[in-house]
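This is what each chain is made of:
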Amino acid sequence: MGTADILIKFALIVIIFLISLLIAMYSTYAERKVAAFFQDRVGPNRAGPFGILQPLADGAKMFLKEEIIPTHANGFLFIVGPSLAIMTACIGSAVIPWGQKLTIGTHVIDLQVTDINVGVLYIFGVVSLGVYGVMIGGWASNNKYSLLGAIRAASQNISYEIAMGLSIISLLMTTGTLSLREIAEQQHGWHWNIIYQPLGFLIFIVCAFAETNRTPFDLPECETELVGGYHTEYSSMKLGFYLFAEYINMFVSSAVMATLYFGGYNFPFMHSLGLSENWVTILGVIVLFAKIFFFIFFFMWVRWTIPRFRYDQLMDLGWKTLIPLAIANIVLTGLWMTFIK
Amino acid sequence: MESLSNKRKVIESKPLNFWERAYLPAILHGLAITMKHFLFKKDVTVRYPEQKREFSENFRGMHSLKRDEEGRERCTACGLCALSCPAEAITMISAERQPGEENLYREEKYAAVYEINMLRCIFCGLCEEACPKEAIYLDGDIIPADYLRKDFIYGKDKLVEAPLNQ
Amino acid sequence: MSIFYFIAFLSILFAVLVISAKNPVHSILYLVLTFFTFTIQYILLNAQFLAIVNFIVYMGAILVLFLYTLMLINLNKDSEPVKSNIIKIAAVLGGGSLLVVIVACLKQVGISQPVLLKDPGLGLVKNLGKVLFNEFLLPFEVSSLLLLSAMVGAVLLATKDPKTT
Ligand code: SF4
Ligand code: SF4
């Protein structure tokens, strides 16, 4: 690896980091706009034309607000909580293949930060780590409502991780690899995994909603029962980090869903268009982002449609419906692979 | 127990059938409904500061101190409005009209200072009813928001109607 | 090598902090860090699968459950049981004899050659899977049975006895 390659990698990391931050920022704006459209309203429209400067205004507000650390809170862990939340949210995007290889002069640029051969498991690890931010923050606040919110978050995440893992196993049985790059390449053209694994995708997306704590599974925050949720005691940018982490998580899980089930950067007829390799790659990146935006929109669409589950219903759904379904899916996939294929 | 009226409705809660328990059809139905709103329904928002809804005829907004046909202030600082005000929002200081000021004030006594505290005022319109000189009417706009309390005490500069032919 | 020594030092440091931390929640968090250093060690050994599994299972699930219970039972200084002097003396005696044994053992061992992996790709998923499902199929299945029985036991413990309720 020459210096140029290292520089390119570094630039790629910075770019992806900035893009995820930018998308998370504008997701907050999009969320409010989309909510408004679903409810026949206008949404934010004061800061800049159509309100597109709203995220900046929100950010400035967050930074300028008073920083409060409760007297009996555990000062150090109170700060570690949100930092951990946003950190785990950001590192998830490292293994996602954003596109094929770009060739510029003699350099071949791989549009993926790192292609480790256990990419899918890496994403799992990061997701399972995400719960620490919430738990530590909730406990360090020294507030029983925060603690209850944190405990809800932890049990919800652990429960749905199992179903998510099981739903992925059947996908891995058909793809035969754990590397996201290879999974994306196998879905060349039209052979998207959603066609082979519709049930697996259904389970995965439900679990993704639960893992990102989005409605209908946003149990960790609940005004009526928990005052606010695990971030009741947080204010200013520390609260901002928690909210921000949610949107980055949403972005990353949309990217994972697009890569695993919807062909990633592949689009139909990509090689019969008669374009040069580089143009196909760039188009692929655009297609991938279109898919990601669709999923982010879907997250919001669901949020403004379905009310929150009750806690026992949530656990019932996770343990008594999704896990058996996922296991049945594994068995079905196994049968299909041995007898039909 | 026998109900008094016959309006009792027996609620039956049947156990959910398979499709209802599977959530998905209901969720898809809900998604379709919200999508309909997203795509086809026009928003009903009135973009307030730029766009205003018409006020009703008896709307009571900001006060204005009226002038007569010759452009003279009608108020004679009798204090009846302040007296009738349930919120004690009005204060005034009266002064005597000097010779040569007949084109400014209609009566020989007038209000040199006339202040309404808009934070106290409840827009009941009793001042309007109390005034013997038909000098005060609540026919203005909505009071705009502001940052400081002192800016809500409106003096004559804001209350008195603009002079006639200018 | 130097990375290994640094990470090993960190593991031991955090492990010591686990037992010396006053607050139980802090010691769990140090335990998390200890396991994280283990993950790094696995990666240094090119055992990516083990590293990730260690990460997911230990850091992501088991320690979260530890944290969960500790947060709920709210251990602090007031609820710590008072230990009598006899127990303290017994503890010192026990620890001392353990120390003697360890020192005696350490005197016997010579410095071993550093372990060299014959096959550097051994820890990769593909090779690991092949080894597990060919050579070690029987132990693998037996351990899965063990896990299954543990799960059944847990369910049995968690369900209420219909007679007593
Ligand atoms: S509207 Fe009512 S409250 Fe307001 S100044 Fe007149 S009398 Fe007082
Ligand atoms: S506004 Fe009318 S009631 Fe009030 S002081 Fe003037 S004349 Fe009297």
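My aim in this report is to walk through the structure given alongside it, one point at a time. (Residues numbered from 1 in each chain as written. Chains lettered and ligands numbered in written order. Predicted model: local features only at pLDDT ≥ 70, side-chain atom pairs only at ≥ 80, totals over all residues. Heavy atoms only, no water.)

**Digging into the overall build of chain C**
Stage number 1. Summing up its helical and strand segments, chain C has six helices and zero strands in all.
Stage number 2. Ordering the α and β elements of chain C from the N terminus gives α-α-α-α-α-α.
Stage number 3. In chain C, which comprises 165 residues, the proportion classed as buried is 20%.
Stage number 4. Put simply, 55% of the contacts in chain C that link residues at least 6 apart link residues at least 24 apart.
Stage number 5. Approximately 12700 Å² of chain C is accessible, and the part contributed by carbon and sulfur atoms is 75%. (Helix = DSSP H or I, 4+ residues; strand = E, 2+ residues; numbered from the N terminus. Buried < 20%, exposed > 50% of the residue type's maximum accessible area, 1.4 Å probe, protein only. Contact = heavy atoms within 4.5 Å. Areas by Shrake-Rupley, 256 points an atom, 1.4 Å probe, with all protein chains shown as cover.)

**Observations regarding the site of ligand 1**
Stage number 1. In the vicinity of ligand 1 lie 13 residues, with Cys85(B), Cys121(B), Cys124(B), Gly125(B) and Cys127(B) positioned nearest.
Stage number 2. The residue inventory of the shell around ligand 1, partitioned by class, reads eleven nonpolar, two polar and no charged. (Near = heavy atom within 4 Å. Nonpolar A, V, L, I, M, F, W, Y, C, P; charged D, E, K, R; others polar.)

**Details of the site of ligand 2**
Stage number 1. Close contacts around ligand 2 come from 13 residues, with Cys75(B), Cys78(B), Gly79(B), Cys81(B) and Cys131(B) the closest.
Stage number 2. Looking at the shell around ligand 2, its residues break down into ten nonpolar, two polar and one charged.

**A look at the pairing of strand S3 (residues 109–117) of chain B**
All names here are of chain B.
Stage number 1. As paired strands, strand S2 (residues 90–96) and S3 are joined by seven bridges and run antiparallel to one another. Of the residues in S3, the one forming a bridge with Ile93 is Val113.
Stage number 2. Bridge analysis of S3 against strand S5 (residues 153–154) gives two bridges, and the strand direction is antiparallel. Opposite Asn117, over in S5, you have Ile153 as the bridge partner. (Pairing = 2+ DSSP bridges.)

**Focus on the environment of Lys133(B)**
Residues and elements named next belong to chain B.
Stage number 1. Within the secondary structure layout, Lys133 lies in the loop between helix H4 (126–130) and strand S4 (136–137).
Stage number 2. In sequence terms Lys133 and Glu107 are 26 residues apart; their C-alpha atoms lie 9.8 Å from each other.
Stage number 3. Beyond its immediate stretch of four places on either side in the chain, Lys133 contacts Arg74, Thr76, Arg106 and Glu107.

**Comments concerning the layout of surface pockets**
Left-over empty space is what a probe sized like a water molecule reveals as it rolls over the atoms.
Stage number 1. Approximately 2200 Å³ is the volume attributed to the largest pocket.
Stage number 2. Forming the boundary of the largest pocket are 46 residues, of which Leu121(A), Leu166(A), Ile169(A), Phe49(C) and Val57(C) lie nearest the centre.
Stage number 3. Those elements giving two or more residues to the lining of the largest pocket turn out to be helix H4 (119–140), helix H5 (144–175) and helix H12 (311–340) of chain A together with helix H3 (48–73), helix H5 (125–134) and helix H6 (137–158) of chain C.
Stage number 4. Among the elements that line the lining of the largest pocket, the one with the most residues is H5(A), at eleven residues.
Stage number 5. At the level of secondary structure, the elements contributing two or more residues to the lining of the second largest pocket comprise helix H8 (198–211), helix H11 (277–303) and H12 of chain A together with helix H1 (18–21) and helix H2 (24–40) of chain B.
Stage number 6. At eight residues, H12(A) tops the list of elements feeding residues into the lining of the second largest pocket.
Stage number 7. The residue inventory of the lining of the second largest pocket, partitioned by class, reads 27 nonpolar, two polar and six charged. (1 Å grid on protein atoms, 1.4 Å probe; cavity = no way out; pocket = protein on both sides within 12 Å on 5 of 7 lines; lining within 4 Å. Points joined across faces, edges and corners; volume = space filled by probe spheres on them.)

**Quick notes on the interface of chain B and chain A**
Stage number 1. The interface is formed by 17 residues belonging to chain B together with 18 residues belonging to chain A.
Stage number 2. Summed over both partners, the interface of chain B with chain A buries about 1500 Å², with 71% contributed by carbon and sulfur atoms.
Stage number 3. Its largest share of buried area at the contact with chain A, chain B owes to Tyr23(B), Leu31(B) and Phe38(B), together 37% of the area lost on that side.
Stage number 4. There are one salt bridge connecting chain B and chain A.
Stage number 5. In this structure, Arg46(A) and Glu50(B) form a salt bridge, with 2.8 Å as the shortest nitrogen-oxygen distance.
Stage number 6. At the junction of chain B and chain A, the tally comes to six residue pairs in polar contact (both at pLDDT 80 or more).
Stage number 7. When the residues that make up the side of chain B that touches chain A are grouped by side-chain class, the tally is eight nonpolar, four polar and five charged. (Buried area = accessible area lost by both parts, 1.4 Å probe. Salt bridge = Lys/Arg side-chain N within 4 Å of Asp/Glu carboxyl O. Polar contact = N/O pair within 3.5 Å; in protein donor to acceptor, adjacent residues only side chain to side chain.)

**Examining empty space enclosed by the protein**
All names here are of chain A.
Stage number 1. Inspection of the entire model under this criterion finds four cavities of 30 Å³ or more.
Stage number 2. Here the largest cavity is characterised by a volume of approximately 480 Å³.
Stage number 3. In terms of lining residues, the largest cavity is bounded by 30 residues, among which Val127, Gly130, Glu211, Thr212 and Asn249 are the most central.
Stage number 4. Every element with two or more residues in the lining of the largest cavity is listed here: helix H3 (75–91), H4, H5, H8 and helix H10 (236–261).
Stage number 5. When grouped by side-chain class, the residues that make up the lining of the largest cavity number 19 nonpolar, eight polar and three charged.

**Notes on H12(A)**
Residue and element names in this part refer to chain A.
Stage number 1. For H12, with 30 residues, the first-to-last C-alpha span of 41 Å sits near the 44 Å given by 1.5 Å per residue.
Stage number 2. The sharpest bend along H12 reaches about 30° and sits at Leu322, with the proline Pro324 one to four residues further on.
Stage number 3. Buried within H12 we find Leu314, Met315, Leu317, Gly318, Leu322, Ile323, Ala326, Asn329, Ile330 and Thr333.
Stage number 4. Structurally, H12 contributes buried residues whose contacts are with H5 and H8. (Expected span 1.5 Å × (residues − 1). Bend = angle between axes of the 7 residues up to and from the residue.)

**Digging into the packing of aromatic side chains**
The relative placement of two aromatic rings is captured by the distance of their centres and the angle of their planes.
Residue and element names in this part refer to chain A.
Stage number 1. Across all of its chains, the model carries 36 aromatic pairs over all chains by this definition.
Stage number 2. Both rings, one in Phe78 and one in Tyr234, keep their centres 4.1 Å apart while their planes meet at 5°; by these two values the pair is stacked. Here Phe78 is found in helix H3, whereas its partner Tyr234 is found in the loop between helix H9 (223–226) and H10, with 156 residues between them in sequence.
Stage number 3. By relative accessible area, Phe78 is classed as buried at 0%. (Phe/Tyr/Trp six-rings, centres within 6.5 Å; stacked < 30°, edge-to-face > 60°.)

**Section: the nonpolar core**
The nonpolar side chains of a soluble globular protein tend to be buried with one another.
Stage number 1. Ranked by size, the top nonpolar core spans 120 residues in total, and within it Trp98(A), Val120(A), Leu260(A) and Ile292(A) carry the most contacts.
Stage number 2. Counting 24 residues, the second-largest nonpolar core is a separate cluster that includes Ala111(B), Ile136(B), Leu138(B) and Leu159(B). (Core = buried A, V, L, I, M, F, W, Y, C linked by side-chain atoms within 4.5 Å.)

**Section: the interface of chain A and chain C**
Stage number 1. Listed as interface residues are 22 residues of chain A and, on the opposing side, 22 residues of chain C.
Stage number 2. Between chain A and chain C, the buried area comes to about 2000 Å², and carbon and sulfur atoms account for 80% of it.
Stage number 3. When the area that chain A buries against chain C is broken down by residue, the three leading residues are Tyr132(A), Met135(A) and Trp139(A), summing to 28%.
Stage number 4. Where chain A packs against chain C, one counts zero salt bridges.
Stage number 5. Along the contact surface separating chain A from chain C lie one residue pair in polar contact (both at pLDDT 80 or more).
Stage number 6. Secondary-structure elements contributing two or more residues to the side of chain A that touches chain C are H4 and H5 of chain A.

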